[in-house]
Amino acid sequence: MSSPEYTTDEMMSIAAARALDDGMSCFVGIGLPSTAANLARRSHAPNLKLIYESGCLGAKPSRLPLSIGDGELAETADAVISVPEVFNYWLQPGRIDVGFLGAAQLDKFGNINTTVIGSDYADPKVRLPGAGGAPEIAASCREVFVVLRQSKRAFVEKVDFVTSFGHGSGRGDRERLGLPGAGPTLVVTDLGLMRPDPGTAELTLTHLHPGVEVEQVREATGWALKVADDLRRTPEPTEAELSGLRELKKAGE
């Protein structure tokens, strides 16, 4: 039986959704992270608790939310609390399992930039949307997953601005700064999966998506990418995963 046809973006969203386990609590960013988290809740992780920065705890949207202020999140949530309470009671004490973030730039130690492109903060080439709650998510969640399309423009040797701290310049930097969470433990792209090296914290390619070769990933990375000795293949999307993803996206149209 032939495998179902799918796009690289669909493979990325499904691979990201698979990383979330049933019963987890997940602080969700809008965009690709929200797509992955909502797909996981609709499929293999029905007890996944989605938490949005706007104060919606246990949101169960029937479609992809347009923003953290989308009324669908409040209408379907187990509870709606104040933004300070989300951060002071839930996030900062380490009560949230996973923070799911996107990025404009990501470097080899998992540091995230969503602030400016260019070396001059006052006069950048591009001014990006900014931080929002991402720095606190990156600091305090028990671990962080990042989902991002891979290119040399996005995957850089060193980010132009550290909006959300990953592993700094290597293993031990988080501990020296007193950051309680483990930081980025998984990066999901449209080409494969990366995880930090246990010794150095440098992002290392651990999985290739179907049809992708190592050289393609290296060509889309702005540093000399390391590859795991036991490099594996990501399983192809199933028909159920694809239909679930497409139904979710269609509901938001």
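Above this text you will find the structure in question.
Throughout what follows, the structure given in this document is the object of discussion. (Residues numbered from 1 in each chain as written. Predicted model: local features only at pLDDT ≥ 70, side-chain atom pairs only at ≥ 80, totals over all residues. Heavy atoms only, no water.)

Further remarks concern the overall build of the protein. Per the secondary structure count, the protein includes 8 helices and 15 strands. For 253 residues, the compact-globule formula gives about 18 Å, and the C-alpha radius of gyration of the protein, at 18 Å, lands near that figure. Judged by the C-alpha coordinates and their principal axes, the protein covers about 50 × 45 × 35 Å. Evaluated residue by residue, the protein yields a buried proportion of 53% over its 253 residues. Of all intrachain contacts in the protein linking residues separated by at least 6 positions in sequence, the fraction that spans at least 24 positions is 64%. Of the roughly 11600 Å² of accessible surface on the protein, a fraction of 52% belongs to carbon and sulfur atoms. (Helix = DSSP H or I, 4+ residues; strand = E, 2+ residues; numbered from the N terminus. Rg over C-alpha atoms; globule rule 2.2 N^0.38 Å. Buried < 20%, exposed > 50% of the residue type's maximum accessible area, 1.4 Å probe, protein only. Contact = heavy atoms within 4.5 Å. Areas by Shrake-Rupley, 256 points an atom, 1.4 Å probe, with all protein chains shown as cover.)

Glancing now at the side chain of Gln-150. Locating Gln-150 in the fold gives a position in the loop between β10 (143-147) and β11 (155-156). A distance of 2.8 Å separates polar atoms of two side chains, one belonging to Gln-150 and the other to Thr-221. In this view, Gln-150 contacts Phe-155, Thr-189, Asp-190, Leu-191, Met-194, Val-217, Ala-220 and Thr-221; residues no more than four positions away in its chain are not counted. (Polar contact = N/O pair within 3.5 Å; in protein donor to acceptor, adjacent residues only side chain to side chain.)

Looking now at the packing of helix α1 (residues 8-18) against helix α2 (residues 32-42). Pairs of packed helices are described in terms of their axes, by the angle between the two and the distance that separates them. At a closest axis distance of 8 Å, the pairing of α1 and α2 adopts a crossing angle of 60°. On the basis of their axis angle, the class for α1 and α2 is oblique. The two elements α1 and α2 meet at a crossing, and its hand is right-handed. Facing Met-12, Ser-13, Ile-14, Ala-16 and Ala-17 of α1, the residues of α2 in contact are Leu-32, Thr-35, Ala-36, Leu-39 and Ala-40. For the contact of α1 with α2, the residue count by class is 8 nonpolar, 2 polar and no charged. (Axes fitted to C-alpha atoms, helices over the stretch in contact; angles between N-to-C directions. Parallel < 35°, antiparallel > 145°, perpendicular 65-115°, else oblique. Left-handed = near helix turned anticlockwise from the far one by under 90°. Nonpolar A, V, L, I, M, F, W, Y, C, P; charged D, E, K, R; others polar.)

The element α2 is largely enclosed, with a buried count of 9 among its 11 residues. Along α2, the residues classified as buried are Pro-33, Ser-34, Thr-35, Ala-36, Ala-37, Asn-38, Leu-39, Ala-40 and Arg-41. Tucked into the core, α2 has its buried residues touching α1, β1 (25-28), β2 (49-52), β5 (98-101), β10 and α8 (239-251).

A word on the pattern of salt bridges. Per the stated rule, a full pass over the model turns up 11 salt bridges. The closest approach of N and O atoms between Asp-70 and Arg-63, which form a salt bridge, is 2.8 Å. Given a relative accessible area of 10%, Asp-70 falls into the buried group. For Arg-232, the salt bridge is made with Asp-230, and the minimal N-O distance between the two is 3.8 Å. Judged by relative accessible area, Asp-230 falls into the partly exposed class, the value being 47%. (Salt bridge = Lys/Arg side-chain N within 4 Å of Asp/Glu carboxyl O.)

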